[in-house]
Amino acid sequence: MANVDTFFLQPFKTHRKRLVPGQRVPAKTKHHALMDGERLGRTAEGVAVIHVSADDETGEVAALEVLARHGAIPEEFEEQIRAL
């Protein structure tokens, strides 16, 4: 049972006066995720850089962490991350 680390960016945009998640953007490494998050944060309304550690065989999430936040992130998103 090996854990697999995955990094991705979750951008947010305004739709009907609410922040909603956009299309996730995968990243190869933590370094790429942080650098791409900074770059995307300049143009997007909000971006969260997320690290997920999951079991390779079962897919069960072992850890989920927000590495960086840029711009506006909805409060509900923060609460959902803490609940996992």
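Here the structure is shown first, and the text comes after it.
Examined bridge by bridge, strand 4 (residues 46-55) and strand 5 (residues 61-71) share nine bridges and lie antiparallel to one another. If you follow H51 over to strand 5, its bridge partner there is E65. The turn joining strand 4 and strand 5, which pair antiparallel and follow one another in sequence, is formed by five residues; a positive phi near 80° is taken by G59.

What follows deals with the environment of A27. Tracing the backbone through its elements, the reader meets A27 in strand 3 (residues 25-27). Residue A27 is classed as buried on the basis of its relative accessible area, which comes to 15%. In sequence terms A27 and D55 are 28 residues apart; their C-alpha atoms lie 19 Å from each other. Among all residues touching A27, those that are not within four sequence positions of it are F7, F8, H32 and A33.

Within the structure shown, the criterion is met by one aromatic pair. Summarising the aromatic geometry, the rings of F12 and F77 are spaced 5.1 Å apart at their centres and angled 70° between planes, so their arrangement reads as edge-to-face. Note that F12 is positioned in strand 1 (residues 3-15) and F77 in helix 2 (residues 75-83), a separation of 65 residues in sequence. According to the relative accessible area criterion, F12 is buried, its value standing at 3%.

Right, let's get into the pairing of strand 4. Burial analysis of strand 4 places ten of its ten residues in the buried class, which makes it a mostly covered element. On strand 4, burial covers both faces: G46, A48, I50, V52 and A54 on one face and V47, V49, H51, S53 and D55 on the other are all buried. Strand direction decides the pairing type here: strand 1 and strand 4, joined by ten bridges, are antiparallel. Residue pairing across strands places D5 opposite S53, the latter belonging to strand 4.

Positive phi, normally seen in glycine, also occurs at R16, with a value near 55°. Looking at where R16 falls in the secondary structure, it is placed in the loop between strand 1 and strand 2 (18-21). On the basis of relative accessibility, which here comes to 74%, the residue R16 falls in the exposed class. Non-glycine residue K17 carries a positive phi angle of around 65°. Accessibility expressed as a relative area gives 82% for K17, which makes it exposed.

What counts as what
- Residues numbered from 1 in each chain as written.
- Predicted model: local features only at pLDDT ≥ 70, side-chain atom pairs only at ≥ 80, totals over all residues.
- Heavy atoms only, no water.
- Pairing = 2+ DSSP bridges.
- Helix = DSSP H or I, 4+ residues; strand = E, 2+ residues; numbered from the N terminus.
- Buried < 20%, exposed > 50% of the residue type's maximum accessible area, 1.4 Å probe, protein only.
- Contact = heavy atoms within 4.5 Å.
- Phe/Tyr/Trp six-rings, centres within 6.5 Å; stacked < 30°, edge-to-face > 60°.

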